[in-house]
Amino acid sequence: KSAAGNAPVIYVSDGIPLLASTGLHSAESTHEMGDPHVWMDPNLVLIWVDNIEKALIAEDPANRSLYQANAEAYRKQLIELDAWVRQQVDQVPQANRRLVTDHQSLGYFAARYGFEQVGAIIPSFTSQAQPSAQELAALEDTIKALGVRAVFVSVAVNPALAQRLAEDTHIKVVRIYTGSLSEADGPASTYLDLI
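No experiment lies behind these values; they were computed from the predicted model shown.

Undergrad: Go over the overall build of the protein, please, and point to the residues and values.
TA: When helices and strands are tallied, the protein shows six helices and four strands. Listed N to C, the secondary structure of the protein is α-α-β-α-β-α-β-α-β-α in terms of helices and strands. Classification of the 195 residues of the protein by burial places 38% in the buried group. Of all intrachain contacts in the protein linking residues separated by at least 6 positions in sequence, the fraction that spans at least 24 positions is 55%. In the form shown here, the protein has an accessible surface area of approximately 11300 Å², with 53% of it arising from carbon and sulfur atoms.

This is the structure:
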């Protein structure tokens, strides 16, 4: 309201069914609406593009053709990105498609590309929660039992807990972009690069 006065607010995720709780988190950390990380699946970002295109056309019909052309070009890039991700995933044996993350951020990615999100250091959809000692011990047991090889941690999150977990279980910490982009000259300067 303070930035744009009466400008409409567009909910780009309208039409996307949110993933429900995976059972990895405690009741007190449940996100009321479901998993908000829909952007981790490029196919769902196609819905964002549709919603943005419609909203821009509604606000500025004189530039309809520009918005349609830009949306169509970006849809093509998202479809190509999805194909590329599938090619990369095909190189990972099915038995190794188990994910442990800093928090439950890869549910949509896992669902789309055949991974299983088997644990999270912070058993919540938000990285602001804190795990209990019991939850960390259970996660270590899961990692060992399933032969998980890495924990994926957002570059925006302090990796201290992940590093301790990795040391205890002899796995790697892999830093990834999940909730923000890098600087313009960095490795994730666009959404396409992030994925």
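There's more to say after this.
Undergrad: So what's going on with the nonpolar core? Which residues, and what values?
TA: Note that soluble globular proteins tend to have their nonpolar side chains buried in a common cluster. Formed by 19 residues in total, the largest nonpolar core has its most connected members in Val85, Phe109, Phe115 and Ile195. Among the secondary structure elements, those contributing two or more residues to this core are helix 1 (42–59), helix 2 (64–89), helix 3 (107–113) and helix 6 (191–194). With five residues, helix 2 is the largest single contributor of residues to this core. Excluding residues that lie within four positions of it along the chain, phenylalanine 115 makes contacts with Val89, Arg97, Arg98, Leu99, Phe109 and Ala110. The next biggest cluster of nonpolar side chains, apart from the first, holds 15 residues, and it includes Leu136, Val148, Val151 and Ile171.

Undergrad: I'd like a description of the pattern of salt bridges, backed by residues and values.
TA: Scanning the model with the defined rule gives six salt bridges in all. Aspartate 82 serves as the salt-bridge partner of arginine 86, at 3.2 Å between the closest nitrogen and oxygen. Taken together, the residues span about one helical turn, with arginine 86 and aspartate 82 both in helix 2 at a distance of four residues. Arginine 86 sits in the partly exposed class, given a relative accessible area of 36%. Residue class for aspartate 82 comes out buried when judged on its relative accessible area of 10%. As a salt-bridge pair, glutamate 116 and arginine 98 come within 4.0 Å of each other at their nearest N and O atoms. Taken together, the positions of glutamate 116 in strand 2 (residues 116–122) and arginine 98 in strand 1 (residues 98–103) put the pair 18 residues apart, joining distant regions of the chain. Under the relative-accessibility criterion, arginine 98 is labelled partly exposed at 27%. Within this structure, Asp50, Glu53, Glu72 and Arg75 form a network of salt bridges that share partners.

Undergrad: Can you break down unusual backbone geometry residue by residue, with the values?
TA: Leaving glycine out, the prevailing phi sign among residues is negative, and the prevailing peptide bond configuration is trans. Here the phi dihedral of histidine 170 falls at roughly 60 degrees; this positive angle occurs in a residue that is not glycine. Mapped onto the elements of the fold, histidine 170 is located in the loop between helix 5 (160–169) and strand 4 (172–176).

Undergrad: Could you give an account of the environment of isoleucine 121, naming the residues involved and the relevant values?
TA: Structurally, isoleucine 121 is set in strand 2. Looking at isoleucine 121, the relative accessible area reads 4%, which means it is buried. For the pair isoleucine 121 and glutamate 140, spaced 19 residues apart in sequence, the C-alpha to C-alpha distance is 9.4 Å. In this structure, isoleucine 121 is in contact with Thr101, Asp102, Pro131, Leu136, Leu139, Val151, Leu161, Ala162 and Leu165, ignoring residues within four places of it in sequence.

Undergrad: Any chance you could break down the packing of helix 1 against helix 2 for me, citing the residues and the numbers?
TA: Two elements in contact, helix 1 and helix 2, have axes separated by 10 Å at closest approach and are oriented at 180 degrees. With respect to helix 2, the element helix 1 is oriented roughly antiparallel. Touching Pro42, Asn43, Val45, Leu46, Val49, Asp50, Glu53, Leu56 and Ile57 of helix 1 are Arg64, Tyr67, Gln68, Ala71, Tyr74, Arg75, Leu78, Ile79, Leu81 and Asp82, all from helix 2. Of the residues that constitute the contact of helix 1 with helix 2, the class distribution is twelve nonpolar, two polar and five charged.

Cut-offs applied
Residue indices follow the written sequence of each chain, beginning from 1 at its first position. In keeping with the predicted nature of the model, local features appear solely for residues at pLDDT of at least 70, side-chain atom pairs appear and are counted solely at 80 or more, and the whole-chain, interface and lining totals rest on all residues. As a rule here, side-chain values cover all heavy atoms of the structure and leave hydrogens and water aside. To qualify as a helix, a DSSP run of H or I must reach at least 4 residues; to qualify as a strand, a run of E must reach at least 2; elements of each kind are numbered from the N terminus. With a 1.4 Å probe rolled over the protein chains alone, any residue whose accessible area is under 20% of its type maximum counts as buried; one over 50% counts as exposed, and the rest are partly exposed. In this analysis, two residues are considered to be in contact whenever any of their non-hydrogen atoms come within 4.5 Å of each other. Per-residue and other accessible areas follow the Shrake-Rupley method at a 1.4 Å probe size, with only the shown protein chains counted as cover for residues. Buried residues of nine kinds, namely Ala, Val, Leu, Ile, Met, Phe, Trp, Tyr and Cys, make up a nonpolar core once their side-chain atoms join them within 4.5 Å. We define a salt bridge as a contact between a side-chain nitrogen of Lys or Arg and a carboxyl oxygen of Asp or Glu at a distance within 4 Å. To define axes, lines are fitted to C-alpha atoms, for helices over the stretch in contact only, and angles between the resulting N-to-C directions are given on a 0 to 180 degree scale. For this classification, under 35 degrees means roughly parallel, over 145 means roughly antiparallel, 65 to 115 means roughly perpendicular, and everything else is oblique. As a working rule, the residues Ala, Val, Leu, Ile, Met, Phe, Trp, Tyr, Cys and Pro are called nonpolar, Asp, Glu, Lys and Arg charged, and the rest polar, with Gly in that last group.

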